[in-house]
Amino acid sequence: MLRLVVTICLAATVVAFTQPNIVLIMADDLGWGDVPWHEPLAIAPTILNLANTGIILDRHYTQPICSPSRGALMTGKYPARLGLQHLIIGAGEPWGLMANETIIANYMKQLGYDCHGVGKWHLGYCSWALTPTQRGFDSFYGFYNGHETYYDKTTHKFFDFRLDRPGEGGHVDEDVIWSANGTYSAYLYAERAAKVVSTHNQDKPLFLYFPIQNVHNPNQVPDKYLQMYEGIVQNVKRRTLLAMVTAMDDAAEVVVSALKQAGMWENTVFIFFSDNGGPIEGIGNGQVNYPLRGGKYSYWEGGVRSASFIYSPMLPGGQVNQELLHVTDWLPTLTHLGACGVHGDPGCQGPLLGDIDGVNQWSMIAKGAKSNRTEFLVNIDQKANNAAIRMGPWKLYQGNPGKGDWPPPPRLNEKLYNKQFSEDQKVRAEYENDHQYIFLDRSYDKLKVQLYNVEYDPAETKEVSKQNKDIVQILTDRLDYYKSRAVEPRNVPRDPASDPTQFGGCWTPWLDSC
């Protein structure tokens, strides 16, 4: 079976390597406490095994919400530089990730990869130029909007599910898949991802971007998954959420099995993370970020510290990496990987990426080196009048960082819990039964500036700005630098011309340009 081999000349040395396949699964709204290496009740053997035998990325950060995280992943830039920093791109809104931005699929195509997307796009579709197959992807299977029902594939009462391929003359060959109505989406995504793998021309490497729908609301999952948690998790929302995690894990297993059957697994790098923390309380879907503070939409650790791992048979496993990694880093890291290989020469350089914010972290991942970053911009939102930055162990907030509670997991059926789990698992889940809701002095919320040492205090329980005025000034100055590079949020309201009734009842690009 042929495999593309790249030869790079470095001075007098010739280095040849096989380009790895890259699979990136991005979960949606998955909380810190929803993954099986943090939640022993979660039945997710595939991702648990890959995490435990791979490298858990314990300091992996994203943006606090969907579109900004996806834009940062695709471009390697902070959303405040893209105009994506405020909330999300809504259905029928005439804006998105600008068409002049080069994204990861463009770069991977330049490196010889076949690139396929399966799942949720959520970076705009007002014109075809903003859609995936006009931006380097060889196919896209899924939906354009930010959320939809898992069975009938509707959002705001209209259908959104398709298979796109690049057409001639810059057009898109689209196939609206009405037959998907009635089938649970994770089944369809897994089937499509497996087909991408099984039909892949192995003369080329594969980049498979799999932003799966689970576990975003609404709470929908086949009964067989709910039955796995009957009598174990009494809280209905939490039981449904964990069942959705299990369905997601089954989809991951389908992809892994397809790669193994195709003989591609030994040369694959497999990445998993959530686009943001889980939403909590009233807006929650049963997610848990505890003991981290806050959740989706917020700048607190529970909103931006994302459960993540990377696995490959070519990498050392069984590790927990504590170094700092930001979602913008994946673009330079994966393009370096595609250009230089898993064990590439230290002098090898990936493609020129221009003025991005991400940094290449492959030496940190593959060799256990120190992180190539010491800081990251959490966000700057001029409309919400807030901002946040992390530098070293310090995290500074300006304005309101968002809802900052610490809701713990729902209590369990302790009798069945004790029968079900080993002592080691019970210790790991001790907080499930013993911890009470944390009540702290909420006067912090009234401060215009807040400072936390998130290495010493990852739950952000002790505000220390008064004791560290010099640190506050240093981070404020750095935040001012990022503000000087930020653009205004580009959000605009829904365009009546996007009305899906004009397109057979399906959300569809409606403008020549936007």
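I will try to describe carefully the structure that is included in this document. (Residues numbered from 1 in each chain as written. Predicted model: local features only at pLDDT ≥ 70, side-chain atom pairs only at ≥ 80, totals over all residues. Heavy atoms only, no water.)

1. Points about the overall build of the chain
Each helix and strand counted, the chain has 13 helices and 18 strands in total. Counting only contacts in the chain whose residues sit at least 6 apart along the sequence, the fraction spanning at least 24 positions is 73%. Within the structure as shown, the chain displays about 19400 Å² of accessible surface, and the carbon and sulfur contribution to it stands at 52%. (Helix = DSSP H or I, 4+ residues; strand = E, 2+ residues; numbered from the N terminus. Contact = heavy atoms within 4.5 Å. Areas by Shrake-Rupley, 256 points an atom, 1.4 Å probe, with all protein chains shown as cover.)

2. Topic: the pattern of salt bridges
Counted by the stated rule, this structure contains 26 salt bridges. Arg-81 serves as the salt-bridge partner of Asp-355, at 3.0 Å between the closest nitrogen and oxygen. Placement of the pair is Asp-355 in the loop between α8 (330–340) and α9 (362–367) and Arg-81 in the loop between α2 (66–75) and α3 (104–110), with a sequence separation of 274 residues. Taken together, the salt bridges that share partners define one network made up of Asp-58, Arg-59, Arg-305, Arg-390 and Glu-455. (Salt bridge = Lys/Arg side-chain N within 4 Å of Asp/Glu carboxyl O.)

3. Remarks on the sheet that holds strand β3 (residues 21–27)
Strand order in the open sheet made by the ten strands is β10-β9-β6-β5-β11-β3-β12-β13-β4-β14, with mixed pairing throughout. A strand with exactly one partner marks an edge of an open sheet, and here the two such strands are β10 (172–176) and β14 (319–326). Across the sheet, the axes of successive neighbouring strands diverge by a mean angle of 15°, strand direction being ignored. Its contacts with the sheet put helix α1 (residues 45–53) on β4 (55–61), β12 (268–274) and β13 (308–311), and the angle it makes with β13 is roughly 75°. (Pairing = 2+ DSSP bridges. Axes fitted to C-alpha atoms, helices over the stretch in contact; angles between N-to-C directions.)

4. Digging into α2
By the criterion of burial, α2 is predominantly enclosed, with ten of the ten residues buried. For α2, the set of buried residues is Cys-66, Ser-67, Pro-68, Ser-69, Arg-70, Gly-71, Ala-72, Leu-73, Met-74 and Thr-75. Gly-76 sits one or two residues past α2 and shows a positive phi near 75°. (Buried < 20%, exposed > 50% of the residue type's maximum accessible area, 1.4 Å probe, protein only.)

5. A few points about the nonpolar core
Residues Trp-37, Leu-208, Phe-270, Phe-272 and Phe-309 are the most contacted members of the largest nonpolar core, which totals 67 residues. Top contributing element to this core by residue count: helix α6 (residues 236–261), with 13 residues. Other than its neighbours up to four places away in sequence, Phe-309 contacts Trp-37, Ile-47, Leu-50, Ala-51, Ile-55, Ile-56, Leu-57, Phe-270, Ile-271 and Phe-272. Leu-57, Cys-126, Val-269 and Leu-334 belong to the second-largest nonpolar core, a separate cluster that totals 55 residues. (Core = buried A, V, L, I, M, F, W, Y, C linked by side-chain atoms within 4.5 Å.)

6. Examining helix α4 (residues 185–198)
The end-to-end C-alpha separation of α4 is 20 Å, in line with the 20 Å expected for 14 residues at 1.5 Å each. Among the 14 residues of α4, ten are classified as buried, and the element is accordingly described as predominantly covered. In this fold, the buried residues of α4 make contact with β5 (114–120), β6 (139–143), β9 (162–166), β11 (206–210) and α6. (Expected span 1.5 Å × (residues − 1).)

7. Focus on the packing of α1 against α6
With their axes 7 Å apart at the nearest point, α1 and α6 run at an angle of 65° to one another. In terms of their interaxial angle, α1 and α6 are classed as roughly perpendicular. In contact with Pro-45, Thr-46, Ile-47 and Leu-50 of α1, α6 contributes Met-248, Asp-249, Ala-252, Glu-253 and Val-256. Along the lines of polarity and charge, the residues of the contact of α1 with α6 split into six nonpolar, one polar and two charged. (Parallel < 35°, antiparallel > 145°, perpendicular 65-115°, else oblique. Nonpolar A, V, L, I, M, F, W, Y, C, P; charged D, E, K, R; others polar.)

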